Amino acid sequence: MDQQKVIRAGIIGLGGVGERVFQALRAHPAFQVAVLCDASEQRVKQAAETHRLAWTTDYRTILDDPAIDLIYVGVPPKFHHGIVMDVLKARKHVLCEKPLANSEEEAKEMSEAAASAGVVHAMNFPTYYRAAYAEMAKRIAEGFLGELKRVELKAHFHTWPRPWQQNHWIGGREQGGFIREVFPHFIHLIRAILGPIRDVNAHVQYPADPALCETAMFASAKLDGGVPVLFDGLSQIAQKENITFTMYGSQGTLSLQDWNVVKAGGMNEPLTEVPLPEIDRTLGLLDELAAAIRGEKARLVDFAEGYEIQQTLESLLRG
Ligand SMILES: NC(=O)c1ccc[n+]([C@@H]2O[C@H](COP(=O)([O-])OP(=O)(O)OC[C@H]3O[C@@H](n4cnc5c(N)ncnc54)[C@H](O)[C@@H]3O)[C@@H](O)[C@H]2O)c1
């Protein structure tokens, strides 16, 4: 692709996260948002009128437009597969929300279709583009931890869904729950920094109402070489939301707290916060996406990786 040509994007899904990605695409000089799509006419019309853009409630009409280079898919998980398969058939580059799909089979199909479509396929894992990620990866590469002894994820929510994230699907068992919604970020992070996760052994607790998502889970797994990975998820408990990811080593401990704060400590030292530069994570992802579409080397999470993440996710959910 011509290095100077602006990348014309269509957006499918303008909910909580879609609106954020839409604003980031608008702000990024490599991209131009050409058309908006949402199943809610009121939502898409309002956004389109505000920004003087074309709009539709039927995503298929966007796929017919030869002027669109990239499609962003920000719809609820059970619609990823159908829409993304159509996008790939139309041979458009695609940025899809996590988790890749709503089952292992769907994710496999999407990954295979993406590999043969000859387009750029990427997922939105913003933590990968945070300064916190770069800091942890750098320290690990430098041997800060010594011998890694244990990896732990604690994800505790006073309520699920969170008060700021209310929609019709996120508290449901079919496609919602904190395991599907939050854990893929950390499955990716662990894989990217430490390698694949194997031997998952999970216990998931569900409420009596079969329509509602999990309220508790704990799981053990292993990295190659046998280092244990512990997952601890809990909701509807009296405390502030606490998402803490910690890697314990023989010489150092590294902890990522609430997505953005890295704390580090040596032997018998308290964990102290590491100062980090401010980086816009979504713009960071879009830099890489633009590079890939222009044929340059880029740091993206592709659908093959998305499928592997989905496999671990499904084994955590199966219990
Ligand atoms: N990457 C991240 O950090 C991050 C954060 C939150 C959510 N997510 C993921 O993003 C996706 C969307 O989450 P959300 O919180 O924005 O959900 P949401 O319910 O707030 O928004 C989804 C939007 O998609 C629209 N929609 C549904 N079906 C559609 C269709 N067939 N065609 C067009 N529009 C359709 C809905 O009308 C709604 O506006 C989910 O997969 C979720 O897991 C990712």
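Residues numbered from 1 in each chain as written. Predicted model: local features only at pLDDT ≥ 70, side-chain atom pairs only at ≥ 80, totals over all residues. Heavy atoms only, no water.

Quick word on empty space enclosed by the protein
Okay, step 1: Summed over all chains, the structure comprises one cavity of 30 Å³ or more.
Okay, step 2: Roughly 40 Å³ of volume is contained in the largest cavity.
Okay, step 3: Every residue lining the largest cavity is listed: Val17, Arg20, Val21, Asn124, Pro126, Arg281 and Thr282.
Okay, step 4: Secondary structure elements with two or more residues in the lining of the largest cavity: helix H1 (16–27) and helix H8 (281–293).
Okay, step 5: With three residues, H1 is the largest single contributor of residues to the lining of the largest cavity.
Okay, step 6: In the lining of the largest cavity, the residues fall into three nonpolar, two polar and two charged. (1 Å grid on protein atoms, 1.4 Å probe; cavity = no way out; pocket = protein on both sides within 12 Å on 5 of 7 lines; lining within 4 Å. Points joined across faces, edges and corners; volume = space filled by probe spheres on them. Helix = DSSP H or I, 4+ residues; strand = E, 2+ residues; numbered from the N terminus. Nonpolar A, V, L, I, M, F, W, Y, C, P; charged D, E, K, R; others polar.)

Regarding the sheet that holds strand E10 (residues 228–235)
Okay, step 1: Spatial strand order, E8-E9-E10-E7-E11-E12-E13-E14: eight strands in an open sheet with mixed pairing. Edge positions in the sheet fall to strand E8 (197–205) and strand E14 (272–273), since each has one partner strand and no second.
Okay, step 2: Strand direction decides the pairing type here: strand E7 (residues 148–157) and E10, joined by seven bridges, are parallel. For Leu153, the partnering residue across the bridge sits in E10 and is Phe231.
Okay, step 3: Lying over the sheet, helix H7 (residues 178–194) contacts E7, E8, strand E9 (216–223), E10, strand E11 (242–249) and strand E12 (252–257), oriented at roughly 160° with respect to E7.
Okay, step 4: Where helix H9 (residues 303–318) meets the sheet, its contacts fall on E8, E9 and E10, and the angle it forms with E8 comes to roughly 35°. (Pairing = 2+ DSSP bridges. Contact = heavy atoms within 4.5 Å. Axes fitted to C-alpha atoms, helices over the stretch in contact; angles between N-to-C directions.)

A closer look at the nonpolar core
Okay, step 1: Within the largest apolar cluster, 105 residues are counted, with the highest numbers of intra-cluster contacts made by Phe183, Phe231 and Phe303.
Okay, step 2: Element by element, the count of residues in this core is highest for H7, at nine residues.
Okay, step 3: When residues of this core are sorted by domain, at least three fall in each of domain 1 (7–125 + 282–301) and domain 2 (131–278).
Okay, step 4: Those residues in contact with Phe183, other than ones at most four positions away along the chain, are Leu153, Ala155, Phe178, Met217, Phe231, Gly233 and Leu316. (Core = buried A, V, L, I, M, F, W, Y, C linked by side-chain atoms within 4.5 Å. Buried < 20%, exposed > 50% of the residue type's maximum accessible area, 1.4 Å probe, protein only. Domains from an automatic or database assignment.)

Some remarks on the packing of helix H6 (residues 131–141) against H7
A pair of packed helices is characterised by two quantities: the angle between their axes and the separation of those axes.
Okay, step 1: Two elements in contact, H6 and H7, have axes separated by 10 Å at closest approach and are oriented at 35°. As for the relative orientation of H6 and H7, their crossing is right-handed in sense. Residues Tyr133, Met136, Ala137 and Ile140 of H6 pack against Leu189, Ala192, Ile193 and Leu194 of H7.
Okay, step 2: Its residues placed into classes, the contact of H6 with H7 shows eight nonpolar, no polar and no charged. (Left-handed = near helix turned anticlockwise from the far one by under 90°.)

Quick word on the pattern of salt bridges
Okay, step 1: The tally for this structure, following the rule as stated, stands at 14 salt bridges.
Okay, step 2: Of the charged contacts, one joins Asp69 and Lys5 as a salt bridge, the two residues approaching to 3.3 Å between their closest N and O atoms. One end of the pair, Asp69, is in the loop between helix H3 (59–63) and strand E4 (70–73); the other, Lys5, is in the segment before strand E1 (7–12), and 64 residues separate them in sequence.
Okay, step 3: Accessibility expressed as a relative area gives 36% for Lys5, which makes it partly exposed.
Okay, step 4: The residue Lys89 makes a salt bridge to Asp86 at a minimum N-O spacing of 3.7 Å. Of this pair, Lys89 and Asp86 both sit in helix H4 (residues 80–89), three residues apart, which is roughly one turn of that helix.
Okay, step 5: The network of salt bridges with common partners includes Arg191, Glu305 and Glu308. (Salt bridge = Lys/Arg side-chain N within 4 Å of Asp/Glu carboxyl O.)

Examining the UniProt feature "domain: Gfo/Idh/MocA-like oxidoreductase N-terminal" (unreviewed entry) in the protein
Okay, step 1: UniProt annotation of "domain: Gfo/Idh/MocA-like oxidoreductase N-terminal" (unreviewed entry) refers to residues 7–124 when read in the numbering used here.
Okay, step 2: The distance separating the terminal C-alpha atoms of residues 7–124 is 18 Å; by composition the span is 44% helix and 23% strand. (UniProt positions renumbered as here; feature names shortened; annotations may be inferred.)

Concerning the environment of Gly284
Okay, step 1: Looking at the secondary structure, you find Gly284 in helix H8.
Okay, step 2: Assessed through its relative accessible area of 15%, Gly284 is described here as buried.
Okay, step 3: Distance from Gly284 to Pro126, taken between C-alpha atoms, is 8.3 Å for residues 158 residues apart in sequence.

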